[in-house]
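One-letter residues, chain by chain:
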Amino acid sequence: MLDGMMRRLIDPVLDRIAGRLVLRGIGADTVTFTGFALGLVSALGVAVEADAAALLALILSRLCDGLDGAVARRTTPTDRGGYMDIVLDFAFYGVIPLAFALRDPEANAVPAVVLLFTFYVNGASFLAFSAVAAKRQMDSKVRGLKSIYFTIGLAEGTETIIAFVAMMLFPAHFALIAYFFAGLVAMTALSRLTLAWTVFRDEPEDAAPPEGGSADRDDGSKP
């Protein structure tokens, strides 16, 4: 929901930084894997209750997640790069709730599982929609250039980052934040299922493309 506004705010900055990285010979894949490594550091910080370090690593990780797309657009976007980016993003989204569950299993395990369940359903609805959209050769760029067809939703990348930051700032309230955000994610999945039910009821040649997006590689706007 907020990704469109955030793109307008940060894309010019990311593009300038990406230009400097390209001049230094740093490729998009390197930025992608660095971002994921920082995400794992953030999760480790959560698990051992080093919340300040976890928060810093989270911010740097998501900065890399935006930069890899900007770097790719300045060089040569590849399907492999786009694929690895989306897979590692989903892994990142899963490892943070897992870290909170490991940190305090008694208090956090159940809300973490509920949140991961909604992530799982939402991710399935997102990827399945993208697969069918690709089969029907649907294309839209409402969220900019993406590696796969991208449908917008109530809970996207920006909202997920906000939720994770709130969890790290207020770890004692993880359960409340997790349940609330799980509700938003579930609503996003339900809205996408409703959209798919409507759009895909006809044969491909009769179906009208909804608002969504596709192209070179993801920039943090998910799940």
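## Describing empty space enclosed by the protein
Thought 1: Tallied over the entire structure, the rule returns one cavity of 30 Å³ or more.
Thought 2: Quantified by volume, the largest cavity comes out at close to 40 Å³.
Thought 3: Val31, Thr32, Gly35, Phe36, Ser61, Arg62, Asp65, Asp68, Asp85, Leu88 and Asp89 together form the lining of the largest cavity.
Thought 4: Class assignment of the residues belonging to the lining of the largest cavity gives a composition of three nonpolar, three polar and five charged.

## Quick notes on the nonpolar core
Thought 1: Ranked by internal contacts, the top residues of the largest apolar core, which has 26 residues, are Ile96, Phe164, Met167 and Met168.
Thought 2: Elements that contribute at least two residues to this core include exactly α2 (28-47), α3 (51-74), α4 (79-103), α5 (105-135), α6 (157-169) and α7 (174-199).
Thought 3: The contacts of Met168, once residues within four sequence positions are left out, are Ser42, Val46, Asp51, Ala54, Leu55, Leu58, Ile96 and Phe100.
Thought 4: Listed in part, the ten residues of the second largest apolar core include Leu21, Ala28, Val31 and Ala70.

## Some points on a nonpolar patch on the surface
Thought 1: Judged by side-chain polarity, Leu56, Leu60 and Leu63 come together as a nonpolar surface patch covering roughly 240 Å² of accessible area.
Thought 2: The residue Leu56 is located in helix α3 in this model.

## Quick notes on the side chain of Asp51
Thought 1: Positionally, Asp51 belongs in helix α3.
Thought 2: Within the structure, the side chain of Asp51 is placed 2.6 Å from the side chain of Arg103, a separation counted as a polar contact.
Thought 3: Sequence-distant contacts of Asp51, defined by excluding residues within four places in its chain, comprise Gly45, Val46, Arg103, Met168 and Pro171.

## A short note on the pattern of salt bridges
Here the idea is simple: oppositely charged side chains can pair when their charged atoms come close.
Thought 1: A full pass over the atoms with the stated rule returns five salt bridges.
Thought 2: Asp51 is the partner of Arg103 in a salt bridge, and the nearest nitrogen-oxygen pair spans 2.6 Å. With a gap of 52 residues between them, Arg103 in helix α4 and Asp51 in helix α3 connect regions that are remote in the sequence. By the burial criterion, Arg103 is buried, and Asp51 matches it.
Thought 3: The salt bridge partner of Arg62 is Asp65, with a shortest N-O separation of 3.4 Å. On the criterion of helical spacing, the pair formed by Arg62 and Asp65 is a turn pair, its members being three residues apart in helix α3. Per residue, the accessibility class of Arg62 equals that of Asp65, and both read buried.
Thought 4: The network of salt bridges with shared partners includes Arg62, Asp65 and Asp89.

The rules behind each value
- Residues numbered from 1 in each chain as written.
- Predicted model: local features only at pLDDT ≥ 70, side-chain atom pairs only at ≥ 80, totals over all residues.
- Heavy atoms only, no water.
- 1 Å grid on protein atoms, 1.4 Å probe; cavity = no way out; pocket = protein on both sides within 12 Å on 5 of 7 lines; lining within 4 Å.
- Points joined across faces, edges and corners; volume = space filled by probe spheres on them.
- Nonpolar A, V, L, I, M, F, W, Y, C, P; charged D, E, K, R; others polar.
- Core = buried A, V, L, I, M, F, W, Y, C linked by side-chain atoms within 4.5 Å.
- Buried < 20%, exposed > 50% of the residue type's maximum accessible area, 1.4 Å probe, protein only.
- Helix = DSSP H or I, 4+ residues; strand = E, 2+ residues; numbered from the N terminus.
- Contact = heavy atoms within 4.5 Å.
- Patch = residues over 30% accessible without salt bridge, like charges linked within 9 Å, V, L, I, M, F, W, Y side chains within 5 Å.
- Areas by Shrake-Rupley, 256 points an atom, 1.4 Å probe, with all protein chains shown as cover.
- Salt bridge = Lys/Arg side-chain N within 4 Å of Asp/Glu carboxyl O.
- Polar contact = N/O pair within 3.5 Å; in protein donor to acceptor, adjacent residues only side chain to side chain.

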